[in-house]
Amino acid sequence: MRFVRRKLIQLVVVLLCVTFLSFLLISLLPGDPATKLCAGAGGQECVDQKRTELRLDDPIPVRYVRWLGDAVTGDLGASARNQQPVWEALTQRVPVTIELLLYSQFMALIIAIPLGLLAAQRAGGILDRVSTTVLFGLLAVPSFMLALLLIYIFPVKLGWFQATGYTDFTDNPLESLGSLFLPALSLAAAEMAVYMRLLRTDLIATLQEDYITMAKAKGMPPRRILLRHAFKPSSFSLITVIGLNFGRLIGGALIIEIIFGINGLGKYTVDSILGQDFIPVQGAVLVIAVGYVLINFAVDMLYAALDPRIRHARALA
Amino acid sequence: MPAPSHDPVHGAVPGSGSVFAESGDFATEISDIADGDALGLAELHELDPDQVASPRAKRRLGLAFWIASGWFALVALAALLAPILPIDDPNKTVARPRLAPSSAHWFGTDALGRDVFSRTIWGGRISLVVGIGSILLGVLIGGAIGLLAGHYRGKVETILMGFCDVLLSFPALLLALAIVGFRDNRDVSTIVLAIGVVSIAPVARLVRANTMIYSQREFVTAARSLGASNARIMLREVLPNVVFPVLSFSVIAVAVAIVAEGGLAFIGLSVPPPTATWGGMISDGRNFLADAPWISLAPCFILFLTVLALNLAGDRLREFFDIREGAL
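What you see is a predicted model; the values in this text were computed from it and never measured.

Conventions we followed
- Residues numbered from 1 in each chain as written.
- Chains lettered and ligands numbered in written order.
- Predicted model: local features only at pLDDT ≥ 70, side-chain atom pairs only at ≥ 80, totals over all residues.
- Helix = DSSP H or I, 4+ residues; strand = E, 2+ residues; numbered from the N terminus.
- Buried ≥ 20, exposed ≤ 12 C-beta atoms within 10 Å, placed from the backbone.
- Contact = placed C-beta atoms within 7 Å.
- Nonpolar A, V, L, I, M, F, W, Y, C, P; charged D, E, K, R; others polar.
- Core = buried A, V, L, I, M, F, W, Y, C linked by C-beta atoms within 7 Å.
- Axes fitted to C-alpha atoms, helices over the stretch in contact; angles between N-to-C directions.
- Parallel < 35°, antiparallel > 145°, perpendicular 65-115°, else oblique.
- Left-handed = near helix turned anticlockwise from the far one by under 90°.
- Expected span 1.5 Å × (residues − 1).
- Bend = angle between axes of the 7 residues up to and from the residue.
- pLDDT = per-residue confidence, 0-100.

## A closer look at the overall build of chain B
A tally of helices and strands in chain B yields 11 helices and 0 strands. Each of the 328 residues in chain B was classed as buried or not, and the buried ones make up 54%. Sequence separation of 24 or more characterises 70% of the internal contacts of chain B that already satisfy a separation of 6 or more.

Written out as structure tokens, the structure is:
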């Protein structure tokens, strides 16, 4: 319990800092933020209105607290281009991106785990060498490049899948997964390589432990040793990295959603930046960063639940 | 920035780092293990049966390393010498648009009739300047933070590493994108700054972890008992040992930074056109994939080879410098 309490306090501190940095983004704008926020339209009237609206003359801590209060109650301001409230836009787009992220994580793991298990079982064997080499090459392929190649091969040359467009998951789950297949694959490729390598090295280390030799000596079948004895203790760093990789995947999604024309969080963010529309960018950054912190908090908790050594650290000490 | 793409053990764990670091605390140690450094989780890589069998193997860099370095040197040289190389002006129409590769135009011409080969070389200038510049920035600032935190521990460490934890709480590319997006001018220095800021925290973590290891070694104790100042211990005793892991990390980090710049350029948020950038060229060609694929594929291929070369070289360097007691 001490562990949980400690983690919760950390979580609150990190969340406060992260929200503060997101809030400060506006001050990065060169010159007077109010002028920039009007996006060139509306003239002096708009500028004055923004100044009072954001109360830019107040000291920063006061503005931060007010901004945070608004954000918590669902008011992240509105777009300067179409006046759509940021919160409303985000609620439409977040589910799309979450589907994409989970889909690509799933895709990466479903390939990486069996491959890692097989490679570690015969470390140095043909399968190990080939998969390690191929995946090392895959790591050097940026997701946007892979996306382009996949579009070239599938929709353009073979006529499979659509190059753009997205079907809502609640409308038709199967079609939705089909429409996200190529985007998810573009994101998953590099993660696949990371997961496979990580699981492989951890497994090789675990397989040298005494209790594995013991299990072998008892005459346990190798498959059972691998799955029942070696896999769980070797999967801890994998779990941490899966959590951390949400960050990289979100970064990838910023670009991938543009290429495939998916109306998710990434496209919203980039479109807003390109349109010099800063309030939505701030809202999106806030939501993504907070989501990322929460995911990693959840991973830490999961980690503790799986590995008693962490939970009982105090008792042991 | 991005933890080295294929060595996630070195990645950081937001929220589990050192906001409340107190020495001797098990929970902190666990998060250090998650960082992969304090207890040296990274050497799990060394348990490769090949290498267990022949410990000498890793004392050589190997052919692959030299081929990779050779390729990188070639790209760097071409980029450096671009203004005096006998190639076409990258921003001028020199032939009919979308001409297939030929002896006159090695990589063909793009939609505006510009020479793709020449643009690829000039694009390399941006990629390399951003890649190397941003990581240099990250290493200088992150290195200083890590050295101070690892040497002084206590409050200094809590504050500095807390700052890094917060930076790491943002997805890397999002933070870079936000910095670029909120700035007006998108010249090279803005891009270097954006990617550089993102690379501070991972370097700081790596340097801190290594500093902590070396600070406990006998030669540091000896220097301290001889009356060496903190600054001297950090710079003369610890720093020379920390340089090597940072070097191999940086090589891979440069690859990650080049990819990040490519991604920003691809969505139109790097140095604006007509300046050639690899990401921008790949994006320009994507509407002509069916009839003029070379416009995209040529820079794609060069970008891939360069990133692969850096990954490979960095990976070999990491193994090379990873001197453990057993190997001594």
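Don't stop here, the text continues.
## Quick word on the environment of A:Phe181
Inspection of the secondary structure assignment puts A:Phe181 in helix α9 (residues 181-206). Spatially, the C-alpha atom of A:Phe181 lies 41 Å from that of A:Lys216, the residues being 35 residues apart in sequence.

## Here we look at unusual backbone geometry
B:Pro273 connects to B:Pro274 through a cis peptide bond whose omega is 10°. In this structure, B:Pro274 sits in the loop between α9 (230-266) and α10 (278-284). Although it is not a glycine, A:Gln83 adopts a positive phi angle of roughly 60°. Residue A:Gln83 is classed as exposed on the basis of its C-beta count, with 7 C-beta atoms lying within 10 Å. With a phi angle near 55°, A:Gln276 is a residue other than glycine that sits in the positive phi range. The topology assignment puts A:Gln276 in the loop between α13 (265-274) and α14 (278-306).

## Quick word on the interface of chain B and chain A
The partner chain A presents 62 residues to the 54 residues of chain B that form the contact. Breaking the side of chain B that touches chain A down by element, the ones donating at least two residues are α1 (26-35), α2 (49-53), α5 (154-168), α6 (172-182), α9 and α11 (294-321) of chain B. When residues in the side of chain B that touches chain A are grouped by element, the largest group, 8 residues, is from α6(B). Of the residues belonging to the side of chain B that touches chain A, the class tally is 36 nonpolar, 13 polar and 5 charged.

## Digging into the nonpolar core
Ranked by internal contacts, the top residues of the largest apolar core, which has 174 residues, are B:Leu174 and B:Ala176. Ranked by residue count, the leading element in this core is α9(B), at 18 residues.

## Considerations on the packing of α5(B) against helix α7 (residues 188-215) of chain B
Residues and elements named next belong to chain B. Closest axis-to-axis distance for the α5/α7 pair is 9 Å, and the angle between their directions is 140°. The pairing of α5 with α7 is recorded here as oblique in orientation. Considering how the two elements wind past one another, α5 and α7 form a crossing that is left-handed. For the pair formed by α5 and α7, the contact residues are Met161, Cys164, Leu167 and Leu168 on the first element and Ile200, Ala201, Ala204, Arg205 and Arg208 on the second. The class makeup of the residues in the contact of α5 with α7 is 7 nonpolar, no polar and 2 charged.

## As for helix α12 (residues 236-259) of chain A
Residues and elements named next belong to chain A. Its 24 residues give α12 an end-to-end C-alpha distance of 34 Å, which sits within 8% of 34 Å, the value for a rise of 1.5 Å per residue. A bend of about 30° at Ala253 is the largest found in α12. Most of α12 sits out of view: 22 of its 24 residues are buried. Taken from the residues just after α12, Gly261 is the one with a positive phi, measuring 60°.

## A look at the packing of helix α5 (residues 86-121) of chain A against α12(A)
Residue and element names in this part refer to chain A. Direction vectors running N to C along α5 and α12 enclose 125°, while the axes themselves pass 10 Å from each other. Judged by the inter-axis angle, α5 sits oblique to α12. For α5 against α12, the interelement crossing comes out right-handed. On α12, the residues that touch Thr97, Leu100, Leu101, Ser104 and Gln105 of α5 are Ile242, Phe246, Leu249, Ile250 and Ala253.

## Some remarks on the confidence of the model for chain A
The predicted coordinates should not be examined in detail at positions where pLDDT is low. When pLDDT is averaged along chain A, the result is 85, and 96% of the positions lie at 70 or above. Per-residue pLDDT, averaged within each element of chain A, yields its smallest value for helix α16 (residues 313-316) of chain A (50) and its largest for α5(A) (92).

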